[in-house]
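# Structural description and commentary
Residues per chain, in single letters:
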Amino acid sequence: MNDLVRIAPGALTIGRPLPWTVYDTDGNVLLRQGYVIQTNSQLEQLFERGRFKPRKIERPQEEVFEDNRERNPFADYPDLLQALETTLNAITEGDPSAQKRLLGLARMVERSCTESPEATLALVHLYSIGPVIYEQILFYAILCQFVGRQFGLEEKRISVLTAAALTANLALVPIADKLNASNTILNEEQRGVIRRHPHRSIQALRDAGIDNKLLLTIIAQHHEQADGSGYPKGLSGTEIRPEAEILALAERYVAMITKRAYRNRMNIAQARKLIANLADGKFRPAIPKALLQVLGEYPPGVLVRLENNEVGVVTKRPVRARGPFVKAIFGPRGNRYTGTFERDTSLLEFNIRALEEPEIMPSMDFSLVWGFGS
């Protein structure tokens, strides 16, 4: 199989689920997406032997930049990241296809969220340990989709909000991963780059012929705060578009649950508490409330321990009086199950006892766990 690409050093991390399936040079599966590398020697072996299925081949400009297959968010994840990288590069280079690419990508994210909501929301939590900038941006867009809908925005505005989430941090892309990996205090130059990024992202979009007024306004305002303490203009209250606040909150939430060199990540209970506090002045109260409703107490992708001492991953939020639903991975004595067993946590014996926060995530075949087959 000569369409397999060698894994680049730095592309994989210990303790983090594989973002794609890894093959050997003959095209046989070595490790499935969701497998967690535990040691340096495993990592070295993968770099030595492993190839991964390449992201989508660049398509001719006249083709539509989307497809209509049934959405499996896990299988689509590498393609979405590649499409995002290609789209942001096209905008930066003023490519004539930039607007078409952005609209196609926004529609792909929208379809994933509407057709496979539980699995799409799970992506945000399964890959939140140390995401690269493209993953963070994709998470912002996913959360904006869900929160925009919960808040009651009409479809057209949700589409523009999604496009804004995908492009608002365009100017930060070259430096974001370096900043996230640093445990030193930001210097003045770095602070300046961060404060100017909404303006610079807007300029890049305009230069690429993308000038939707609402889109640019959301980006311009997504660091303003309802109490007037934000930037660049110190706007307050209803001067700030609700879409801008939804994007700001999506960014805040991803920052909370993400591990960085300079701080640990919060668990979902701590993050929910902080979001609830943001309703007191920093945001319109209805927006943090909408995010809390989207997440529920235990969003898809988080690990929990059940009353019978099994450990599993939340796969579905509650439906009416049932759920949330969990796929049990470890038995009561810590033994790894060969398959997975669905548990309705509204039943007494399967009630959720606690959140599980292992140092290293257990390996899972995400597509299988969420019922997409392998």
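For every chain, the first residue of its written sequence is number 1, and the numbers climb from 1 along that sequence. With pLDDT at 70 or above as the cut-off, local features in this predicted model cover only qualifying residues; side-chain atom pairs require 80 or more to be listed or tallied, and sums for whole chains, interfaces and linings still use all residues. Hydrogens are left out, water is left out, and the side-chain values use all remaining heavy atoms of the structure.

## A few points about the overall build of the chain
Broken down by element type, the chain carries 13 helices and 9 strands. Between the two quantities, the radius of gyration covers C-alpha atoms and the globule rule is 2.2 Å times the number of residues to the power 0.38. In terms of C-alpha radius of gyration, the chain reaches 21 Å, essentially the compact-globule figure of 21 Å for 374 residues. Taken along the three principal axes of its C-alpha coordinates, the chain extends 55 × 50 × 45 Å. Remark: exposure states derive from per-residue accessible area (1.4 Å probe, protein chains only) relative to the maximum for the residue type, with buried under 20%, exposed over 50%, and partly exposed in between. Looking at the chain residue by residue over its 374 residues, the buried ones come to 53%. Across the chain, contacts joining residues at least 24 apart in sequence account for 64% of those joining residues at least 6 apart. Here the chain has roughly 17600 Å² of accessible surface; of this, 50% comes from carbon and sulfur atoms. Within the chain, the 44 negative side-chain charges are centred at a point lying 3 Å from the centre of the 47 positive side-chain charges. Starting at the N terminus, helices and strands are each numbered in turn, a helix being any DSSP run of H or I of at least four residues and a strand any DSSP run of E of at least two. Contacts: residue pairs with any heavy atoms within 4.5 Å of one another. Note on areas: Shrake-Rupley, 1.4 Å probe, and residue coverage restricted to the protein chains presented here. Neither His nor the chain termini are counted; the positive set is Lys and Arg, and the negative set is Asp and Glu. A charge is said to be at NZ when it belongs to Lys, at CZ for Arg, at CG for Asp and at CD for Glu.

## Overview of the sheet that holds strand 3 (residues 29-31)
Only strands that DSSP links by at least two bridges are regarded as paired with each other. The 4 strands are arranged 1-4-2-3 in an open sheet whose pairing can be described as antiparallel. In this open sheet, the two edge strands, each paired with only one partner strand, are strand 1 (5-6) and strand 3. Pairing of strand 1 with strand 4 (residues 51-52) involves 2 bridges; the strand directions are antiparallel. Following the sheet pairing, valine 5 is matched in strand 4 by phenylalanine 52. All axes here are fitted lines through C-alpha atoms, helices being fitted over the stretch that makes contact, and every angle between N-to-C directions spans 0 to 180 degrees. Together, strand 1, strand 2 (22-23), strand 3 and strand 4 form the strand contacts of helix 1 (residues 40-49), whose direction differs from that of strand 3 by roughly 155 degrees.

## Focus on the nonpolar core
In plain words, nonpolar cores are sets of buried Ala, Val, Leu, Ile, Met, Phe, Trp, Tyr and Cys residues tied together by side-chain atoms within 4.5 Å. Membership of the largest hydrophobic core comes to 89 residues, with the highest contact counts inside it found for Ile91, Leu126, Leu215, Tyr253, Met364 and Trp370. Element by element, the count of residues in this core is highest for helix 5 (residues 133-151), at 12 residues. In contact with leucine 215, other than residues within four places in its own chain, are Val160, Ala163, Ala164, Thr167, Leu205 and Ile210.

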